[in-house]
Structures are given as structure tokens and as C-alpha cells.
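Structure assessment
Here is how the chains run, residue by residue.
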Amino acid sequence: MSWIFGYRGNITDDISQRLNEIHPLPIRKIASGKLYLAYGGNADPCHALEANDESAGLLILGIVRDSATKKLINLHHIIRLENTSHVLGTCDGHFVALEWNTGELHISTDFLGLRELFVASYQNGFLFSTRADWIAKLVPTEIDFAEFGSRWILINQMSKKSYLKNLLRITAGDRAIINDAGIQITESKWVPQKSKPIDFDEFDELLEGIISPLFSEGRKVTLSLSGGMDSRVLLAYMKKYDQEKWDCHSFGPPDLPDRIVAEQICRDNGIQHRSIFISGQPVQLHELKEFAASAAVTQTASAFLQLRNYDVFKNSNEIIIDGGFGEIWRREFFSRLLFMHKADLMKKNAAGLFEGLQSPKADIFSEEVKDIIHKGALTQIENLFKDFPDVESTGIENWLDLVAARIRFHNYFGPEQARLDTFATCLMPFMQRSLLENLFDLKLSTRKNGKLFHQIIRKRFPELLNYHLVKGTAMHPATLTSWQTRLWLLGTRLRQKQTVNLHQQQFLGQYKEYINDSFLSDAVQKSGMYNLTKLNTIIADFNSGNAASLIALDWWFSFVLYQSAISNKS
């Protein structure tokens, strides 16, 4: 991925040599005075402006979109460095920004946390990097289950703290200053400010204002089109532009419902479409470890099969548009909490909310570790009630959407964005500050039940409502409301038989020897963190060809690979 690795402190020859051994060949490296800074990976979402004497400069890793001009910012447009904090504080996009002079290093992150930086004390100075696993090669660390555990048993981590011991995590609008005196971190707690209510037309104009300037960048735009509603809404905006400037693409095997529906939409409407599926090519272990290190156990190991399809965009100079987390504008995320745990929300009952947020990956840990995970996750939920505005003052539904924006983006979508930055410039229009600042200004009655998105499609591309939507492997009519869709999918799941994911099974089979060796290793058998009886059952099912524990094995494999990545012995 596009990366930063550096050190601020007294740089001896020994330290310089150690730092240089950690990272691959960079795009640029600075080693001057008290600053060592290297950055590399995909050069496209990586911009730098530096003074000739290397005593002061600015590096932005990611994408910055000026909310005033509506265009992606070329860093050279920032003439005066003193304007940087203002520009970054109000812009769209996703980034980690470093600004330095002879005395201090300033760190900024985008307010959603789609890119983040880790910092650790080292040799009377501070290491910093977008790659926690690289810092771990110099600073001993291990998983902090009290913070990490919510990633394992809930939908995602419920805090923005570091899930690795001895490392600080700077994300979601946080800022930091590193100088000779140490490090000072200023935490951001963004809340959209209510101003005046906006109607459908104003929202429609705001969203178009994010999408339309991309077509004046002089680069081809390509939409990740699935069978879902969110990418379909984006397609409705793109329809009016010259077809030479854009196309659609879909990932996955030919029998994948998402791909089938996307292909049909494009075929019927004369839209250029690329079906992308890399199959039959073995996955190299070093590739898988890189993926696991960046995913930080937000994805199963086999999810890499989807990621590597992005290889086709390397060096393509295209702009990818993705419909990530459009649910927040459909008022559908956390709908289960609203339906089943409304009383718990009003009473600030963390234990009740804990039940509604559960999404356990695999039952593999010892009772002692499970107790740490449970208590840590419960504490994080309790802190939601302390750190966020009062439920009654914002209203339950607005409160849930604010929590989703503040804890979902950086803990789930952040790793995905970092991986996408490896391949191309990728923007998620629904997750832009200029749009989300109006989250509370758009009436709930407009957002709820899919009304907003249905209205957009009816206005801009009504034919899209003739095609079924896809949820998982099930299809349903696009004209259904959110509640009708839930009932339809429930009935579909009751009728469908459970099927084995053959791609997942074949993928894990490729690593059978590695998986068994990992299970038998001292790192597993003597760690004390696992329930070896339960883990043995999962491994035995796998070895016998029984698919009952396939998903659990896939999650454990992801955990093992990540743990290996952050071990300074690796």
C-alpha cells in the first residue's frame, strides 16, 4: 500500500541503518537533522512538497478534495505551508499529512480515519508509520485484547485507541506534534453541527458536487458496480456523462449474483463494463501476509481473493468510485439496535447494547482471554455513552448514525481504503466530510426506508429500479422498502440451503500444511491464549474435509497471519 515510515529524534548511523532495513525502496527518502522520512507504494495518491534544504516540508499520503473548488488538490496548489492546517481541516478525502520544520513534526489525519498513523517511542525519539507491523520490527508489541477484542466479537472495534501495546494510534481527525519535549496528541470528536434543514434537492446537488468534478480531472473514471443499492445510486449520477470518460467494473466469478446483475444492467443500457476475476493463480504466502498485516483482522484470510482483482488497476491512472457505506444515507445501519434495543439505548444499558452489537468471528480463545475481550468490549460501549452527545438530545436514529460514522469508518473501512490506495486513486462519495456535515440536517423521514436513494434513481435513471438488488447471495425487487426487503430476505434465507463456499475451501486447502504447522507450533500450543480443544475441532474438521468449521478456520488463519506480522521475530 502507499506508506509512510519515519523517525523523529537524534539519528545516529546505527539508527539510520536499522530504519533503512525496514521499508522497501521508497519514492523519496529524507534523512536530515532529526528527521528520517521515507514514503512509497503507489505514487498516485501520494503527494509531497518539500523545501530544497529539506529543513521544512509537507507530505500528504492519500487524497485531498477541496470542498470549495470541488476538485482533487494537487499539493503544489498549497502555496503557503501556513495555510495547510486550514485546508486539511475543512477538506474532503482521506489522508495522513506530515508537516515538518527544524523544530517540530506535525501530524494530521482525515476526520473519518480512512488513513491512520501509528507512533511508538524508540531510542529517545519516536517512530511513526502507516504500517504498524513495520514499527513492530523495532518496538516489541503484542495484541491488546481489551482494545482489540471488540473486533473479534462485535461488528468492529468500538474505540479509536491502539489495539497494539506500546503503539499510539492517530486517526479520525486526531492531530499530533512531536518535538524534543515528546509528543502531544489532540483528539478529535467530530459531531455534525445542525444548521438548517436541507431537502432532497439540496442533498442531490451536494452528492452530484462530489461526483461531477471527477470527470474534469482528465482521467478515466470507473465505478465499482455491484448488485447493491449504493453503487446503483452513483451510476444514476454518472449516466449523463460522455461514455468515453467512464465505465463500470465488477469483481468475482461468473456465477456471483452481484456480477450477474451488474453485467445485465450495463448490457441493457449500453454501458461499458469490465468483469474482473483472477482465478487459478496461486496466492503467494508473502502476498497473504501483506494483506493480513493491513487488514488487521477486519477480513478473513480468503478475502484476499477479492482484493487481488484490483491488480488490473495498477498504473492505469484511473479514478475508482466506490459506494462504500451508503447505508448511513438509507438509515439502515444499526437498524437491529433500533428495533430490538431501543430501551437499552435510552437507559444507556451497555450490557443490552453489547448483545445487539455481537458478530463473533470464531470461538477459539481461552476463558481468560474471552473474559478480557468481553470486559474490554463492554467498557468501549460504556464509553460511547460518555463520549457522544446525549441520545435524547440528538434523537436515537441520529445518535446511531453518528456512532456509525465515528466508530465504523476508521475501524472497518480504513484498512480497506489503505489497501485500495495500493492500486489507484479511489474515492468513496458517501464518506466525504462535505456530505456528512449535513447528516443531521436531512430529515429522517427523507433518509429512512430507502426513500432518499429511491428518489434519486427515479429522478436520474428510473430504469435501474427494474433490476433486482442483491444482498449476499439473495436477490429482491429494487422497489421494496427497507422493511419489505428484510422480510423478503428472511423468507429467502429460510428457503435456501446452506452451501459451501468452494472458493474459500480451495483457498484454505492451498495452505493446509501451513495451517497445520501453525496449529502445532509453540506460538499456538504454548501461548495460553487459545482453547486448544475447540481449536483442535476446527482443525480436525478442516483436515477431514468437513466444511462445518470453514468460516471459523478462515478467521483464525487471518488472526494467525496478523499475529505473525506484528511479531518482531518475524
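Quick caveat, the model's predicted, so the values are computed rather than measured.

1. Overview of the overall build of the protein chain
Assigned secondary structure in the protein chain consists of 25 helices and 19 strands. Taking 570 residues into account, the globule formula puts the C-alpha radius of gyration at 25 Å, and the protein chain, at 24 Å, falls close to it. Once the C-alpha set of the protein chain is aligned to its principal axes, its extents read approximately 65 × 60 × 55 Å. Counting across all 570 residues of the protein chain, residues that qualify as buried make up 56%. Put simply, 71% of the contacts in the protein chain that link residues at least 6 apart link residues at least 24 apart.

2. Considerations on the pattern of salt bridges
When the charged atoms of two side chains lie near each other, side chains of opposite charge can form a pair. For the structure shown, the criterion picks out 31 salt bridges. With its nearest N and O atoms 3.8 Å apart, the salt bridge here joins Asp387 to Lys189. Residue Asp387 is located in helix α13 (residues 367-387), and its partner Lys189 is located in the loop between β12 (182-186) and α5 (200-211); the two are separated by 198 residues in the primary sequence. Note on Asp387: relative accessible area 37%, which makes it partly exposed.

3. With respect to the packing of helix α22 (residues 512-520) against helix α24 (residues 532-544)
It is the contact of α22 with α24, at a shortest axis distance of 11 Å, that shows an interaxial angle of 160°. Classified by the angle between their axes, α22 and α24 sit roughly antiparallel to one another. Read as a crossing pair, α22 and α24 show a hand that is left-handed. On the side of α22, the interface is formed by Lys512, Ile515, Asn516 and Phe519, while α24 contributes Leu535, Asn536, Ile539, Phe542 and Asn543. Taken together, the residues of the contact of α22 with α24 sort by class into five nonpolar, three polar and one charged.

4. Here we look at the packing of aromatic side chains
Applying the stated rule across the entire model yields 33 aromatic pairs. Taking the centre distance of 4.0 Å and the plane angle of 5° together, the rings of Phe215 and Tyr241 count as stacked. With Phe215 in the loop between α5 and β13 (221-224) and Tyr241 in the loop between α6 (229-238) and β14 (246-251), this pair connects stretches of sequence that are 26 residues apart. Each of the two residues, Phe215 as well as Tyr241, counts as buried.

5. Things to note about the sheet that holds strand β17 (residues 425-427)
Each strand in a sheet pairs with another by means of backbone hydrogen bonds, the pair being arranged parallel or else antiparallel. Strands sit in the order β15-β14-β13-β16-β17 across an open sheet of five strands; the sheet is parallel. Among the strands making up the open sheet, the edge pair consists of β15 (273-276) and β17. Put simply, the sheet's adjacent strands are angled 30° from each other on average, direction ignored. Of the strand pairs in this sheet, β13 and strand β16 (residues 319-321) are connected by three bridges, and their pairing is parallel. Within the sheet, the bridge partner assigned to Thr222 lies in β16 and is Ile320.

6. Overview of the environment of Asp371
For Asp371, the location among the structural elements is in helix α13. By relative accessible area, Asp371 is classed as partly exposed at 38%. The spacing of Asp371 and Gly149 is 222 residues in sequence and 9.8 Å in space, taken between C-alpha atoms.

7. Observations regarding the sheet that holds strand β8 (residues 117-122)
The strand order across the open sheet built from six strands is β2-β3-β1-β9-β8-β10, with neighbouring strands paired in antiparallel fashion. Strands with a single pairing partner mark the edges of an open sheet, and in this sheet they are β2 (28-32) and β10 (168-170). Ignoring strand direction, the axes of neighbouring strands in this sheet form an average angle of 15°. Taken together, the five bridges between β2 and strand β3 (residues 35-40) define a ladder with antiparallel strand orientation. What sits directly across from Lys29, in β3, is Ala38.

8. Thoughts on the nonpolar core
Counting residues in each nonpolar core, the largest one holds 157 residues, and the members touching the most others are Trp152, Leu235, Trp329, Phe365, Tyr530, Trp556 and Phe559. In terms of residues, this core owes the most to one element, helix α25 (residues 550-565), which gives 10 residues. For Phe559, the contacting residues outside a window of four places in its chain are Ile143, Phe145, Phe148, Trp152, Val297, Phe365, Met529 and Tyr530.

9. A short note on the confidence of the model for the protein chain
Across the protein chain, the average pLDDT comes to 88, with 92% of residues at or above 70. Across the protein chain, the element-wise mean pLDDT spans from 59 in strand β4 (residues 46-50) up to 98 in β10.

10. Digging into the pairing of β14
Most of β14 is tucked away, with six of its six residues classed as buried. What you see with β14 is no split at all: Trp246, Cys248 and Ser250 on one side and Asp247, His249 and Phe251 on the other are buried throughout. As judged from the four bridges shared by β13 and β14, these two strands associate in the parallel manner. If you follow Ser224 over to β14, its bridge partner there is His249. Note: β14 against β15, four bridges, orientation parallel. Residue Ser250 lies in a different strand from β15, and its bridge partner there is Ser275.

Cut-off values and rules
Residues numbered from 1 in each chain as written. Predicted model: local features only at pLDDT ≥ 70, side-chain atom pairs only at ≥ 80, totals over all residues. Heavy atoms only, no water. Helix = DSSP H or I, 4+ residues; strand = E, 2+ residues; numbered from the N terminus. Rg over C-alpha atoms; globule rule 2.2 N^0.38 Å. Buried < 20%, exposed > 50% of the residue type's maximum accessible area, 1.4 Å probe, protein only. Contact = heavy atoms within 4.5 Å. Salt bridge = Lys/Arg side-chain N within 4 Å of Asp/Glu carboxyl O. Axes fitted to C-alpha atoms, helices over the stretch in contact; angles between N-to-C directions. Parallel < 35°, antiparallel > 145°, perpendicular 65-115°, else oblique. Left-handed = near helix turned anticlockwise from the far one by under 90°. Nonpolar A, V, L, I, M, F, W, Y, C, P; charged D, E, K, R; others polar. Phe/Tyr/Trp six-rings, centres within 6.5 Å; stacked < 30°, edge-to-face > 60°. Pairing = 2+ DSSP bridges. Core = buried A, V, L, I, M, F, W, Y, C linked by side-chain atoms within 4.5 Å. pLDDT = per-residue confidence, 0-100.

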